[in-house]
Every structure is written in structure tokens, then in C-alpha cells.
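If you want the building blocks of each chain, they are given just below.
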Amino acid sequence: MTSQQGSLGEFEHLVLLALARRGDDAFGVDICDEIRTTAGRDASVPAVYVTLTRLEAKGLVESHQEEGETERGRRARKRFRLVRAGVEALEHSRAELDRMWSGVVLRPQRGRS
Amino acid sequence: MSGHPPGGWQWLLRRLVPHQHRESLIAELAAGYEAERTRRGERAARSWYRRQVLAAMRPDIAHGLWLGGSTKWWPGAPASLSMDVRHTLRRWRRRPGFVAGAIVVLAVGAGGAAAVQGIFASLLRSPVRLADVEQVVILTASDSAGATRTTFGSADARALRTSLDSRTAGTQALTWATVRQGESALWGRVADVNAAWFDVVRAVPAMGRQPRGPGEVLLSDSHFRTQFGGSAEAVGQTIHIDRAPYVVVGVAPRDFQPPGSPLLWRRIDEPAAAEEGTEFLFRAGDSSVRAAVVLAAGSALAAADRQAGGSVRTAALRPVAEPTAAAGELNSLARARQLMTGLALMLLLSGARTPPI
């Protein structure tokens, strides 16, 4: 991951992880479901879609448009896939968090409620 | 029951989402709607769909959709506008009294400013004081597309110079120049006039005489007072216009306010005799000038127009429909000054009314 791309945002992190957990191409709705069932967080499809678009612009995921099934009235959807740069970004982010967590003892600090 | 997403919400979504994401997001939500309907029923699916569309209206998401991952072409205006509107509405809801007060203050302030400007305008704005204001015409040129302009390039100017003679028109062109007098320098409008100008506008200098040739200038009353302190010793002094020396030979009368409010007037070089005695104001080499032409008393506009149109294809004299309005337009600088004075007074008055903290 280049320095220009910076660290992953929290929601970007979640979306990338959801995509990684699917292990295959996924639609926006699938990502939402994954986040809801695994993280217990209610994410909207537009929010996930915007995040995926941003990640695609950063080169961390790629997408391809499916053919619409016009006879059944279905529109063309976009499938998203994690690419190598996305995997590296996740690894980098995980390593960063691991380093931050190491040696941390959680306790309330003095003077704070 | 219908298996399709609610039409109204879908219609709204279609208008909220930029075209590059529209179809795929609508398809995504349609698939989600279908899954929800299978899982939890029609009613829950409709509710889910509504929440998704509302989520797409959230400023951060709308911003992302419009940016589309790129920051190159869209400044995110719809999102920030919606954010501003929401913020305003929240403020209104929380502090209705303050909002009502602010609206009243703004209304009174705007009304007061308009009233003060009206008073200033009626007291200070004066029409162009020329002998025959109806004889003032603006020289305009029309391009091939029919657009009208009031500035001319040097090519047009050269052509026009040969087409109007001084028996028909007194002419004035305004250019911007640096006027130096001693240590002080002023950037302002300088009027280049032809020999007929002062006779046509019937302006007799309040002090000294009219410029009779190149290298001589007549000061405006305001320039005379601000830069020379109103001293009679101004006449005879040398000033520099864009580094070229000129001798002050007179001062214009106080109520002489021709179009453009120049700092001073200078005679342009007399044209060569080969140009059949024509004395138009334009000088070759000027990149752009704006002209006001005053027809001599008794000169018909049509005759002058024929003169200009006969030799200049792109230019024609056009009468000013409303002489008074034209005077106002040409005195835009003075009007802006009046407006600023009015606003400054308003600020002073509003400050005076502010109670001590």
C-alpha cells in the first residue's frame, strides 16, 4: 500500500474484511449481510456501495458488471473482488493494529470517569 | 402484493444518484429488496428499502456517490448544500426565537440599506452635465454573431478614425494610465479627446485654458482638489502620464462631468494631413478603448452613422436610448462609490445601536 493511499478507515476495513470473508466475488448486499451477521452492525447498502467505489478507486478491489436479465426484469449488478493490493492493505492494517495493541493494558485513566 | 420495490422511493433514488452509479445501485437495492421480501415479508422489505434510500441521502454518502471515488470534477456541492440546509433546519427547531429575531434584523437591515442608498442616490447622483445630453451616443461595434461591444481593438480604431470627422463629433476615449505628480502616483482613467471635444460639449475651463495640442492636459476638478490641493499653482506644472510629460494648462469646471469621470483630459496627436482632416480620438496601438461620442449641435445621428457605417463594416453608432440612464451607466464608478458610502453609514448606524456588552 502506498503512503498516498494512507491507512484504511474503520468502515473500509470492515468492508474489505467482509469481502475477504466471502472468499469470492460479492455483491454489495452480500457485504452488508456479512457485516450485519458477523460484526453485528447495521450497514446500509448505499454506504457499502460508496465505500466499495472508494476502495476501487484506491485500487484495493475491482469490480465487474454482470449482464442484466432483461426478460426477468433484473438489472445489471456489480460484483466486487478483493485484489492483491487490498490483501496487502488488510495485512498492513492488521499489523499496525497488532503493534498498537501489544502491551496495552486497558484500565480507566486517572481523572477520567 | 407487488414484488417490486416501492415506485416512489425508487423514483427518488433515481434522482439522488449520479448516472455512473445509478443503475448498479438500483439493481443492488432491488436484489436486496427481493431478499428481504423472501426472508421477512413484503412490509419489512418496503421498510428496508425506504431506509436504504434515506441512507443514500445522508450527506457523507451522497458526497461519496457524487465524487465517485474521484475528487477531480465535482466539488460535492449537493452534499454540502444538503448539510447546510439540515444544519439550518436543526438550528431553527432548537432556537426559533433567535431565528425570528435574525430574520427581522436582516429584513430591517436590508430595507434600511436600500432606503439609505435611495437617499444618497437622490442627493448625490447627478446626470451628466453636458450641454446637449441627448446628443451623447456610445460607439458600439457588432460582431458577426450580432453581439454588441463597446470596446475596440486598434484595427477598428484606425478604421473609425478615418470615418468620423470633427465637424460631426466631439470624441473621448478612456484609457487607464498612471498619473504622476511629484512623488505621488495615481492609477486612473485618462480621457483622450479630439480637438472638437471641448467646443462640442461647451466646456469652458474654470481656470486656465483648453489644451490646444499634444502634451497639454486639462485637470478634472476632483483631481485638481485631491492632488493639487485646489491651488492655482497647478496650472503650468508638469505631470507624467505613463512616464510621458504633460503640462497642466487648465482645470475643468466643477459641474463638468462627462462620461467616465476621468482624472484629466489630454489632446491626442493630430492626425496626418493625409487623413483628410479627420480627428478621431483613437490612436493606433491602443489595445482597447471605450469611446463616448458627443455629436455637435445640429448633427444628425443618421449622418454620423452613415459616416461610420460607410467605411467600417463592423461598427455603427448607436444612440443611447435613455440619456439619463446612460449617464448613470457611464458614471458607474461614482455610483459604486455612493453605494459604498451608504453601506459604511449603515455599518456605523448599526454599530451605534449595539448596546454595550
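Residues numbered from 1 in each chain as written. Chains lettered and ligands numbered in written order. Predicted model: local features only at pLDDT ≥ 70, side-chain atom pairs only at ≥ 80, totals over all residues. Heavy atoms only, no water.

Helix and strand content of chain A: 4 helices and 2 strands. Here chain A holds 113 residues, and 36% of them are scored as buried. Within chain A, residue pairs in contact and separated by at least 24 positions form 53% of the contacts whose partners lie at least 6 positions apart. Element-wise, carbon and sulfur atoms account for 46% of the exposed surface of chain A, whose accessible area totals about 7,200 Å². (Helix = DSSP H or I, 4+ residues; strand = E, 2+ residues; numbered from the N terminus. Buried < 20%, exposed > 50% of the residue type's maximum accessible area, 1.4 Å probe, protein only. Contact = heavy atoms within 4.5 Å. Areas by Shrake-Rupley, 256 points an atom, 1.4 Å probe, with all protein chains shown as cover.)

The next point concerns a nonpolar patch on the surface. Residues and elements named next belong to chain A. A cluster of nonpolar side chains, Leu-97, Trp-101, Val-104 and Leu-106, forms an exposed patch at the surface whose accessible area comes to about 440 Å². Along the polypeptide, Leu-97 turns up in helix α4 (residues 84-101). According to the relative accessible area criterion, Leu-97 is partly exposed, its value standing at 40%. (Patch = residues over 30% accessible without salt bridge, like charges linked within 9 Å, V, L, I, M, F, W, Y side chains within 5 Å. Salt bridge = Lys/Arg side-chain N within 4 Å of Asp/Glu carboxyl O.)

Another aspect to go through is the interface of chain B and chain A. Every contact between the two is made by 23 residues of chain B and, on the other side, 19 residues of chain A. Of the roughly 1,700 Å² buried where chain B meets chain A, counting both sides, 63% is carbon and sulfur surface. One can count 1 salt bridge joining chain B with chain A. Linking Glu28(B) and Arg77(A) is a salt bridge whose minimum nitrogen-to-oxygen distance equals 2.8 Å. Taken together, the links from chain B to chain A amount to 5 residue pairs in polar contact (both at pLDDT 80 or more). Contributing elements (two or more residues each) for the side of chain B that touches chain A: α1 (7-16), α2 (19-40), α3 (42-56) and α4 (59-67) of chain B. Per element, the largest residue contribution to the side of chain B that touches chain A is 12 residues, and it comes from α2(B). Looking at the side of chain B that touches chain A residue by residue, the class counts come to 10 nonpolar, 8 polar and 5 charged. (Buried area = accessible area lost by both parts, 1.4 Å probe. Polar contact = N/O pair within 3.5 Å; in protein donor to acceptor, adjacent residues only side chain to side chain. Nonpolar A, V, L, I, M, F, W, Y, C, P; charged D, E, K, R; others polar.)

Under the definition given, this model contains 2 aromatic pairs over all chains. Seen from their ring centres, Tyr49(A) and Phe80(A) are 6.3 Å apart, and the 85 degrees between their planes marks the pair as edge-to-face. Of the two residues, Tyr49(A) sits in helix α3 (residues 45-57) while Phe80(A) sits in strand β2 (residues 78-82), which places them 31 residues apart along the sequence. Here Phe80(A) falls in the buried class, since its relative accessible area comes to 1%. Plain terms: the ring middles of Tyr33(B) and Tyr49(B) are 5.9 Å apart, the flat faces sit at 90 degrees to each other, and that makes the pair edge-to-face. Residue Tyr33(B) is found in helix α2, and its partner Tyr49(B) is found in helix α3; the two are separated by 16 residues along the sequence. The cationic tip of Arg77(A) hangs over the ring face of Phe27(A); the distance from NZ or CZ to the ring centre is 3.7 Å. (Phe/Tyr/Trp six-rings, centres within 6.5 Å; stacked < 30°, edge-to-face > 60°. Lys NZ or Arg CZ within 6 Å of the ring centre and 35° of its normal.)

Keep in mind that these numbers describe shape and distance, not what the molecule does.
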